[in-house]
Amino acid sequence: MRAPGMRWSRLPLFIWSILTYSILLIVVMPVIAGAVTMLLLDRHFGTHFFDATQGGSALLWQNLFWFFGHPEVYILILPAFGIISEVLPVFARKPIFGYKAIATSTILIAFLGLLTWLHHMFTTPTPIVVLIFAMIASFLIAVPTGVKIFNWIGTLWQGSIEMRTPLLFAVSMISLFTIGGSAASSWR
């Protein structure tokens, strides 16, 4: 039932973001569901998954929670990135700059987002090799995000820009996200 001529390389960028977001949800929701079920069993049925005094592990809860909690940030932002990628070309009156790079960066953000949950646990007794891996993944996630931002700016560059409300919201989102990302990375 797809449109004639529709291929992976012609999907709208919003669809790429929703597809990636959906895959992230499929991967992380069972983990948080399992963690909450284990917590329910601990609280109401006497199991000890997270009670360290009974042989459980509080670190298990942290790992399960952050394995969901950190990719959830990207689950929230990826659809917004897809919207921005659709709004900018309309109001710049030119095709998106770097379509393949933006689609690829969406997938890379999701993949790296799954690897970075551990950076919330730098103060836990985790082997240094694992923490170094988490640190590198945390830094690497800035690369595909930067690719998106530079391609969005490239889309606006020398475009026949129509200053309307959707464009202003899109440009504001890019500005706020860049400032917030720069501030957050300087705090680490």
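Since this is a predicted model, take the numbers as computed values, not measurements.

**Q** Could you clarify how one ought to interpret helix α2 (residues 58-92) in this entry?
**A** The periodicity of an α-helix, 3.6 residues per turn, causes residues three or four positions apart to be oriented the same way. Taking 1.5 Å as the rise per residue, α2 with 35 residues should run 51 Å; its terminal C-alpha atoms sit 51 Å apart, in good agreement. Residue isoleucine 77 marks the point of greatest curvature in α2, where the axis turns by about 30°; the proline proline 79 follows within four residues. Two or three places before leucine 59, at the opening of α2, serine 57 has a side-chain oxygen 3.2 Å from that residue's backbone nitrogen. Where α2 terminates, the next one or two residues include arginine 93, which has phi positive at roughly 55°.

**Q** Hey, could you run me through the environment of leucine 19 in this one?
**A** Position of leucine 19 among the secondary structure elements: in helix α1 (residues 13-45). Each C-alpha atom of the pair leucine 19 and isoleucine 107 lies 9.3 Å from the other, and the pair is 88 residues apart in sequence.

**Q** Hey, could you run me through helix α4 (residues 128-140) in this one?
**A** Counted at 1.5 Å a residue, the expected span for α4 with its 13 residues is 18 Å, and the 18 Å between its end C-alpha atoms agrees. The secondary structure elements touched by the buried residues of α4 are α3 (99-115) and α5 (142-156).

**Q** Would you mind showing me how to read the environment of lysine 100 here?
**A** Secondary-structure assignment places lysine 100 in helix α3. When the C-alpha atoms of lysine 100 and serine 9 are compared, they prove to be 7.5 Å apart, with 91 residues separating the residues in sequence.

**Q** Explain the environment of phenylalanine 67 here, please?
**A** As for its placement among the helices and strands, phenylalanine 67 is situated in helix α2. Residues within four places of phenylalanine 67 in sequence aside, it is in contact with Val27, Val28, Val31, Leu114 and Trp117.

**Q** Where do I start with unusual backbone geometry in this structure?
**A** Glycine aside, residues mostly have negative phi angles, and peptide bonds mostly take the trans form. The backbone phi angle of arginine 93 is positive, close to 55°, even though this residue is not glycine. As for its placement among the helices and strands, arginine 93 is situated in the loop between α2 and α3. Its relative accessible area of 51% is what places arginine 93 among the exposed residues. Its identity is not glycine, yet glutamine 158 carries a phi of approximately 55°, on the positive side. Within the secondary structure, glutamine 158 is located in the loop between α5 and α6 (165-187). Glutamine 158 gets classed as exposed once you look at its relative accessible area, which sits at 71%.

**Q** In this structure, what is going on with the packing of α1 against α3? I would like to understand it.
**A** Packed helices, taken two at a time, are described by their axes: the angle between them and the distance between them. In contact at an axis separation of 10 Å, α1 and α3 are set at 15° when each is read in the N-to-C sense. Taken together, the axis directions place α1 and α3 in an arrangement best described as roughly parallel. For the pair α1 and α3, the sense of crossing is right-handed. For the pair α1 and α3, contact is made by Leu13, Trp16, Ser17, Thr20, Leu24, Val27 and Val28 and by Tyr99, Ile102, Ala103, Thr106, Ile107, Ala110 and Leu114, respectively. Tallied by class, the residues present in the contact of α1 with α3 amount to 11 nonpolar, three polar and no charged.

**Q** How do you make sense of the pattern of salt bridges when you look at a structure like this?
**A** Working definition: two side chains of opposite charge can pair if their charged atoms are close together. All chains considered together, the criterion is met by two salt bridges. Between arginine 164 and glutamate 162 there is a salt bridge whose closest N-O contact spans 3.0 Å. Given a relative accessible area of 23%, glutamate 162 falls into the partly exposed group. Salt bridges here are not isolated pairs; linked through shared partners, they connect Arg93, Glu162 and Arg164.

**Q** Please clarify how the packing of aromatic side chains should be interpreted in this entry.
**A** When we look at a pair of aromatic rings, we describe it by the centre distance and by the angle of the planes. Scanning all chains against the criterion turns up eight aromatic pairs. Measuring from ring centre to ring centre gives 5.4 Å for phenylalanine 50 and tryptophan 61, while their planes differ by 75°; the resulting arrangement is edge-to-face. Of this pair, phenylalanine 50 sits in the loop between α1 and α2 while tryptophan 61 sits in helix α2, and the two are 11 residues apart along the sequence. Measuring from centroid to centroid gives 5.4 Å for phenylalanine 81 and tryptophan 152, while their planes differ by 65°, and the two rings are edge-to-face. Here the residue phenylalanine 81 occupies a position in helix α2, and tryptophan 152 occupies one in helix α5, the gap between them amounting to 71 residues. No difference in accessibility class separates phenylalanine 81 from tryptophan 152, as the two residues are buried. Ring-pair connections join several aromatic residues into one group, and the members of that group are Phe49, Phe50, Trp61, Phe65 and Trp66.

Conventions we followed
- Residues numbered from 1 in each chain as written.
- Predicted model: local features only at pLDDT ≥ 70, side-chain atom pairs only at ≥ 80, totals over all residues.
- Heavy atoms only, no water.
- Helix = DSSP H or I, 4+ residues; strand = E, 2+ residues; numbered from the N terminus.
- Expected span 1.5 Å × (residues − 1).
- Bend = angle between axes of the 7 residues up to and from the residue.
- Polar contact = N/O pair within 3.5 Å; in protein donor to acceptor, adjacent residues only side chain to side chain.
- Contact = heavy atoms within 4.5 Å.
- Buried < 20%, exposed > 50% of the residue type's maximum accessible area, 1.4 Å probe, protein only.
- Axes fitted to C-alpha atoms, helices over the stretch in contact; angles between N-to-C directions.
- Parallel < 35°, antiparallel > 145°, perpendicular 65-115°, else oblique.
- Left-handed = near helix turned anticlockwise from the far one by under 90°.
- Nonpolar A, V, L, I, M, F, W, Y, C, P; charged D, E, K, R; others polar.
- Salt bridge = Lys/Arg side-chain N within 4 Å of Asp/Glu carboxyl O.
- Phe/Tyr/Trp six-rings, centres within 6.5 Å; stacked < 30°, edge-to-face > 60°.

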